Amino acid sequence: MELNQFIFLIILAGALYLFISEKLSVDMIGILIILSLAITRVLDPKEAFSGFASEPALIVVAVFVLSSGLTATGLTDAIGNAVGKFAGKNQWVANLLVMATVALLSAFTHHLMITAMMLPIVMRLCREHDMPSSRLLIPMATAASLGTTMTLIGAPAFLLANSILKRSGEPGLRLFDVTPLGATLVGTGIVFILLMLWVLPKTSGRDRHDEKFRIDEVFTELIVTERSKWLGLGIADFQKENLKRFVIVGLKRYGNRISTLDAEVKLQEHDILLVKTSPDELLSVDEKMGLALRSVKKYGEEVQSGSSVKEAEEPVIVQGLIAPQSPFVGKTIGEIDFLRTLGVLVIALWRRDGWIYHEISQVRLKEGDLIILWGYEAQLDEVHQNSDFLLLFPLQVRPKKRIKAKTAGLIMLISVFVAATETLPPHIAFLAGAVTMVLTKCVSLRSAYEAIEVKIFVMIAGVIPLGLAMEKTGLAALFARNLSLLIAHWDPWAILLTFFVAAGLLTQILSDSATTVLIAPIAVAFAKTTEVSPTAAVVCVTVGAVASFLTPIGHHGNLLILGPGNYRFIDFLKIGLPLTALIAVLTSFMSLRLWS
């Protein structure tokens, strides 16, 4: 064995130990891999740092930003709510809709984000229809992982696999080349899970959205603006169209209370709607959508003119807790007059117990009430520093730019089309789409940067040179020659099945990206010495890495649902083991037919 091969094995063993033990974060491990390969001269510096400018890393960054645009505009929420609306009370129908939706979304965005997005929606669906969450969450997370096999951008592992293929001199995969295989796996997986639902326990857990002290809904007042699209619409129809956004508890017109039970009542300009809504919907109210927060519409300019607001400064929204012995207790919000006394506006109110039907100004405050304040940083800082009876803290939600939803969806579709038709290279097409998301203000520049999972980006940049070093040192070819002595005489499907199983087992302790980078070069080198297609071998490795459902630690999505589903370790094996075996056989046979 040559010296550089021995050094590489030491670096590889160290990396594997760190990945498995989790003593360091994955991004730090990636940096250490790069430095180790460069310092020991297994790779030259340019090769060692090549992962940062690689297609896989750039596409991953772009997809994170594109996904954040879909989320920031409320498009993903709208899809999720539509699923919940049509799912009904039937477990099988609900699972079918949820699995099909998350699989399709995961084909174009990060599956972990989709799982996290759908988790509260599915939990709410289970609560509303009295269904055990354990019967929906494993199917959802499994479908999200399977969905990544339908396109080249569904999982970073496929991008890495494609990079390895190109580097070995093989033709690369196009965006939808894996779709026939992925669609078959998704369809088979959905049917299999529906037939096997009975093996899952009937339990329910809690997730972070069910926290005891969570603010689930607030009371606020909305005003119908000039030229609103809701003008002339019946109150019942308005409630139906906005069922998941607002619950109307009252309507005032010219100071008089109007019955919301009257089907003949139609919305007019300046009507005041007393509604209950979620905090994120509160922040998402946009005058361009035909509704505005009443207090902001009426007094917003007065707040701005009465303070030293910097040019282009955005208003801030925070929560204020009414403290014990506060002089506010027992007084109405109108009597306190927050605008005159503190220079801020009360736009909403949350109370743990009891219902609120009156206008906000008439609500008499109690100890423990939360008021949502609107104002500018200077006034809010002054309130925070000088008040010991009103405790301020941030409102940890983000507004949805729903008016930009169609724009965000169009940008995503165009990006996929351009990449699929190879009008532009995929990394250029998706980066252009990400930039367009920011330029069209579907997502702010700050939010776009925050959406990028830097750990994943750096980890991918670190494992790419690991695969390159395995090829350059000749170890991939050496392992392939030794492997050929054992399995070269096997049938091609059995050889591919072996690669799938190897990747499926290794991905239980490593990430799917790391598993692909380690095994794919060996698979390519081995395939070139046999009648097996290198592309087929690499695809089997990659699918084995991303679609192996043996344990809850094999995929981060499984970890997300572990608590909310109240699962045990064995519950994942009940469906995961037979499903993985089925997928392994299907992948092996179909890969031979698709890439002979």
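The model shown is predicted, which means the values in this text are computed figures rather than measured ones.

1. Side note on the overall build of the protein
Of regular secondary structure, the protein possesses 26 helices and nine strands. In terms of overall dimensions, the protein has C-alpha extents of about 85 × 50 × 45 Å along its principal axes. In the protein, buried positions account for 55% of the 596 residues. Partitioning the intrachain contacts of the protein with sequence separation of at least 6 by distance along the chain shows that 79% fall at a separation of at least 24. Surface summary for the protein: the accessible area is close to 27,000 Å², and the carbon and sulfur share equals 61%. Separation between the mean location of the 52 positive side-chain charges and that of the 51 negative ones in the protein comes to 3 Å.

2. A word on the nonpolar core
Met 118, Val 543 and Ile 561 are the most contacted members of the largest nonpolar core, which has 141 residues in total. Ignoring any residue separated from it by four or fewer positions in sequence, one finds Ile 561 in contact with Thr 115, Leu 119, Leu 137, Ile 138, Met 140, Ala 141, Tyr 567 and Phe 572. One finds Leu 222, Val 303, Leu 345 and Leu 370 within the second-largest nonpolar core, a separate group that totals 30 residues.

3. Observations concerning a nonpolar patch on the surface
The grouping of Leu 24, Met 28, Ile 31, Leu 32, Leu 35, Ile 39 and Phe 49 at the surface amounts to a nonpolar patch, some 590 Å² of accessible area in total. Mapping Leu 35 onto the fold places it in helix α2 (residues 26-39).

4. A word on helix α8 (residues 134-147)
With 14 residues, α8 should reach 20 Å at 1.5 Å per residue; the first-to-last C-alpha distance of 20 Å fits that figure. The element α8 is largely enclosed, with a buried count of 14 among its 14 residues.

5. Examining the packing of aromatic side chains
Evaluated as defined, the whole model comprises nine aromatic pairs. By the ring-pair criterion, three or more aromatic residues cluster together here, those being Phe 49, Phe 52 and Phe 457.

6. Here's the deal with the pattern of salt bridges
Scanning the entire structure with this criterion turns up 15 salt bridges. Of the charged contacts in the structure, one is a salt bridge between Glu 221 and Arg 294, with a shortest N-O distance of 3.0 Å. Pair noted here: Glu 221 is in strand β1 (residues 218-224) and Arg 294 is in helix α13 (residues 294-305), with a separation of 73 residues, a long-range link. Put simply, Arg 402 and Glu 281 hold a salt bridge, and the shortest N to O gap is 2.3 Å.

7. Description of helix α22 (residues 492-506)
Between its first and last C-alpha, α22 extends 22 Å over 15 residues, near the 21 Å set by a 1.5 Å rise per residue. Within the sequence span of α22, burial applies to Ala 494, Ile 495, Leu 496, Phe 499, Phe 500, Ala 503 and Gly 504.

8. Observations concerning the environment of Val 418
Here Val 418 shows up in helix α17 (residues 405-420). Val 418 gets classed as buried once you look at its relative accessible area, which sits at 17%.

9. Observations concerning the pairing of strand β2 (residues 246-253)
Residues in a regular strand point their side chains to alternate faces of the sheet. Burial of β2 is extensive: seven of the eight residues sit out of reach of the surface. As judged from the six bridges shared by β2 and strand β4 (residues 272-277), these two strands associate in the antiparallel manner. Along β4, the bridge assignment pairs Leu 251 with Leu 273. Of the pairings in the sheet, the one linking β2 to strand β3 (residues 256-258) comprises three bridges and is antiparallel in character. Counted as the bridge partner of Lys 252 is Arg 257 from β3. Turn length for the β2-β3 hairpin, with the two strands adjacent in sequence and antiparallel, is two residues, and the turn residue Tyr 254 shows positive phi of about 55°.

10. Some words on the packing of helix α1 (residues 3-21) against helix α20 (residues 454-472)
Running from N to C, α1 and α20 point in directions that differ by 145°, and their axes come no closer than 11 Å. Crossing hand, α1 versus α20: left-handed. Of the residues in α20, those touching α1 at Phe 8, Leu 12 and Phe 19 are Met 459, Val 463, Leu 466, Ala 469 and Met 470. Its residues assigned to classes, the contact of α1 with α20 comprises eight nonpolar, no polar and no charged.

11. Some thoughts on unusual backbone geometry
In this structure, Arg 41 takes a positive phi of about 65° despite not being glycine. Counting through the fold element by element, Arg 41 comes out in the loop between α2 and α3 (45-48). Backbone geometry places Asp 337, a non-glycine residue, at a positive phi of 55°. On the secondary structure map, Asp 337 appears in the loop between α14 (333-336) and α15 (338-342). When its relative accessible area of 30% is taken as the criterion, Asp 337 is described as partly exposed.

12. Quick notes on empty space enclosed by the protein
Scanning the model with the defined rule gives five cavities of 30 Å³ or more in all. Looking at the lining of the largest cavity, the elements with two or more residues in it are α4 (55-72) and α9 (156-167). Within the lining of the largest cavity, the residues separate by chemical class into eight nonpolar, three polar and no charged.

13. A few points about the confidence of the model for the protein
Confidence along the protein averages 83 in pLDDT terms, with 93% of residues attaining 70 or more. Within the protein, the element-level pLDDT minimum falls on helix α25 (residues 556-562), averaging 70, and the maximum on helix α10 (residues 179-195), averaging 94. Contacts for the low-pLDDT stretch residues 208-213, under 50 throughout, to residues beyond four places or in other chains number eight contacts.

14. A closer look at the layout of surface pockets
Estimates place the volume of the second largest pocket at around 680 Å³. What lines the second largest pocket is a set of 25 residues, and nearest its centre among them are Ala 78, Glu 241, Asn 242, Lys 244 and Arg 245. For the lining of the second largest pocket, the elements supplying multiple residues, two or more each, are α5 (75-87), α7 (111-129), α11 (235-241) and α17. In terms of residues, the lining of the second largest pocket owes the most to one element, α5, which gives seven residues.

15. Topic: the environment of Asp 237
Its location among the elements puts Asp 237 in helix α11. Along the sequence, Asp 237 and Lys 266 sit 29 residues apart, while their C-alpha atoms lie 9.2 Å from each other.

16. What to know about the pairing of strand β7 (residues 345-350)
Within β7, six of the six residues are buried, which leaves the element mostly enclosed by the surrounding structure. Two elements, β1 and β7, share two bridges in a ladder whose sense is antiparallel. The partner of Thr 220 across the bridge, within β7, is Ala 348. Two elements, β7 and strand β8 (residues 370-375), share five bridges in a ladder whose sense is antiparallel. Bridge pairing links Leu 349 to Ile 371 in β8.

17. Thoughts on the side chain of Thr 151
Note on placement: Thr 151 falls in the loop between α8 and α9. For Thr 151, a relative accessible area of 1% puts it in the buried group. A distance of 2.2 Å separates a polar side-chain atom of Thr 151 from the backbone oxygen of Ala 107. Setting aside anything within four residues of it in sequence, one finds Thr 151 in contact with Ala 107, Phe 108, Phe 158, Leu 175, Phe 176 and Val 178.

Criteria and thresholds
- Residues numbered from 1 in each chain as written.
- Predicted model: local features only at pLDDT ≥ 70, side-chain atom pairs only at ≥ 80, totals over all residues.
- Heavy atoms only, no water.
- Helix = DSSP H or I, 4+ residues; strand = E, 2+ residues; numbered from the N terminus.
- Buried < 20%, exposed > 50% of the residue type's maximum accessible area, 1.4 Å probe, protein only.
- Contact = heavy atoms within 4.5 Å.
- Areas by Shrake-Rupley, 256 points an atom, 1.4 Å probe, with all protein chains shown as cover.
- Lys, Arg positive; Asp, Glu negative; His and termini not counted.
- Charge placed at Lys NZ, Arg CZ, Asp CG, Glu CD.
- Core = buried A, V, L, I, M, F, W, Y, C linked by side-chain atoms within 4.5 Å.
- Patch = residues over 30% accessible without salt bridge, like charges linked within 9 Å, V, L, I, M, F, W, Y side chains within 5 Å.
- Salt bridge = Lys/Arg side-chain N within 4 Å of Asp/Glu carboxyl O.
- Expected span 1.5 Å × (residues − 1).
- Phe/Tyr/Trp six-rings, centres within 6.5 Å; stacked < 30°, edge-to-face > 60°.
- Pairing = 2+ DSSP bridges.
- Axes fitted to C-alpha atoms, helices over the stretch in contact; angles between N-to-C directions.
- Left-handed = near helix turned anticlockwise from the far one by under 90°.
- Nonpolar A, V, L, I, M, F, W, Y, C, P; charged D, E, K, R; others polar.
- 1 Å grid on protein atoms, 1.4 Å probe; cavity = no way out; pocket = protein on both sides within 12 Å on 5 of 7 lines; lining within 4 Å.
- Points joined across faces, edges and corners; volume = space filled by probe spheres on them.
- pLDDT = per-residue confidence, 0-100.
- Polar contact = N/O pair within 3.5 Å; in protein donor to acceptor, adjacent residues only side chain to side chain.

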